[in-house]
Amino acid sequence: MDYEEIKRQGISDFIDDEKKTRPDRIVRFVELNELFSPQGDMLLTGGLQSDLAFHELGNSYVNGNYMAVVLLCQAFIEHSLSGEFIMRGHNTIAESSFKKILESAKSFEIISEALFEQLEVLRKIRNPYVHAKAGLKNGSLVKKMIDGRFESAEDLAQSDALKSLEILRSFVHQNVVTFFPQP
């Protein structure tokens, strides 16, 4: 098969998949919009990274890229909190680990104890996706899948993505200034 035929077949498969998955993507689009409601303009302390993460996590969820949603929720929150520390002159904290950023945000009363606990849940959801653990060790994705009785890694990732989005919603509602432009 020559390259042009491979390309035509790939495009045809892409279009077929797009048609087949459209109903599920519409459901996820509605679900995402109901979860976050209209946002208005947001003042993002995390700068370009948080803006990009927020936009991409929505697209990722709609398209069923659940692992990406988990990682992007965490990235949005980390950059938002880091931006807060940079504005306060605490660059060392801003450039440290997510765990250290969360602990510092709690001690500086940037986030509440309740939100800290939620963000710790997000951190623990994220860990198996970014830190390698072999086999059935605690913290491995396989162990988490078995313990949670998920039939597939995709089912686990979808569940993790929904939980991550709920935590992100709590963070946004408590820590992101949202305003609507005046007419």
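Caption draft 1: How the structure looks around the pattern of salt bridges. Scanning the entire structure with this criterion turns up ten salt bridges. A salt bridge links Glu103 to Lys99; its shortest N-O distance comes to 3.6 Å. You can see Glu103 and its partner Lys99 sitting in helix α5 (residues 98–107), four residues apart, about one turn around the helix. Here Glu103 falls in the partly exposed class, since its relative accessible area comes to 36%. Looking at Lys99, the relative accessible area reads 38%, which means it is partly exposed. Linked by salt bridges that have partners in common, Glu18, Arg22 and Arg25 make up one network.

Caption draft 2: Geometry of the packing of helix α3 (residues 66–87) against helix α8 (residues 153–175). Remark: α3 packs on α8, axes separated minimally by 7 Å, with the N-to-C direction vectors making an angle of 25°. As summarised for this structure, α3 and α8 are arranged roughly parallel, according to the angle between their axes. α8 is crossed by α3, and the crossing has left-handed handedness. Of the residues in α8, those in contact with Tyr66, Met67, Val69, Val70, Cys73, Phe76, Ile77, Ser80 and Leu81 of α3 are Glu154, Ala157, Gln158, Asp160, Ala161, Ser164, Leu165, Leu168, Phe171 and Val172. Considered class by class, the residues forming the contact of α3 with α8 number 14 nonpolar, three polar and two charged.

Caption draft 3: Local environment of the layout of surface pockets. Taken as a whole, the largest pocket spans an internal volume of roughly 270 Å³. What lines the largest pocket is a set of twelve residues, among which Leu32, Asn33, Phe54, His55 and Gly58 lie closest to the centre. For the lining of the largest pocket, the elements supplying multiple residues, two or more each, are α1 (3–36) and α2 (47–62). Top contributing element to the lining of the largest pocket by residue count: α2, with six residues. By residue class, the composition of the lining of the largest pocket is six nonpolar, six polar and no charged.

Caption draft 4: Geometry of the nonpolar core. Core analysis: the largest hydrophobic core is formed by 41 residues, its most contacted members being Phe76 and Leu81. When contributions to this core are tallied by element, the ones reaching two or more residues are α1, α2, α3, α4 (91–94), α5, α6 (113–130) and α8. Of the residues forming this core, the biggest block, nine residues, is contributed by α3.

Criteria and cut-off values
Residues numbered from 1 in each chain as written. Predicted model: local features only at pLDDT ≥ 70, side-chain atom pairs only at ≥ 80, totals over all residues. Heavy atoms only, no water. Salt bridge = Lys/Arg side-chain N within 4 Å of Asp/Glu carboxyl O. Helix = DSSP H or I, 4+ residues; strand = E, 2+ residues; numbered from the N terminus. Buried < 20%, exposed > 50% of the residue type's maximum accessible area, 1.4 Å probe, protein only. Axes fitted to C-alpha atoms, helices over the stretch in contact; angles between N-to-C directions. Parallel < 35°, antiparallel > 145°, perpendicular 65-115°, else oblique. Left-handed = near helix turned anticlockwise from the far one by under 90°. Contact = heavy atoms within 4.5 Å. Nonpolar A, V, L, I, M, F, W, Y, C, P; charged D, E, K, R; others polar. 1 Å grid on protein atoms, 1.4 Å probe; cavity = no way out; pocket = protein on both sides within 12 Å on 5 of 7 lines; lining within 4 Å. Points joined across faces, edges and corners; volume = space filled by probe spheres on them. Core = buried A, V, L, I, M, F, W, Y, C linked by side-chain atoms within 4.5 Å.

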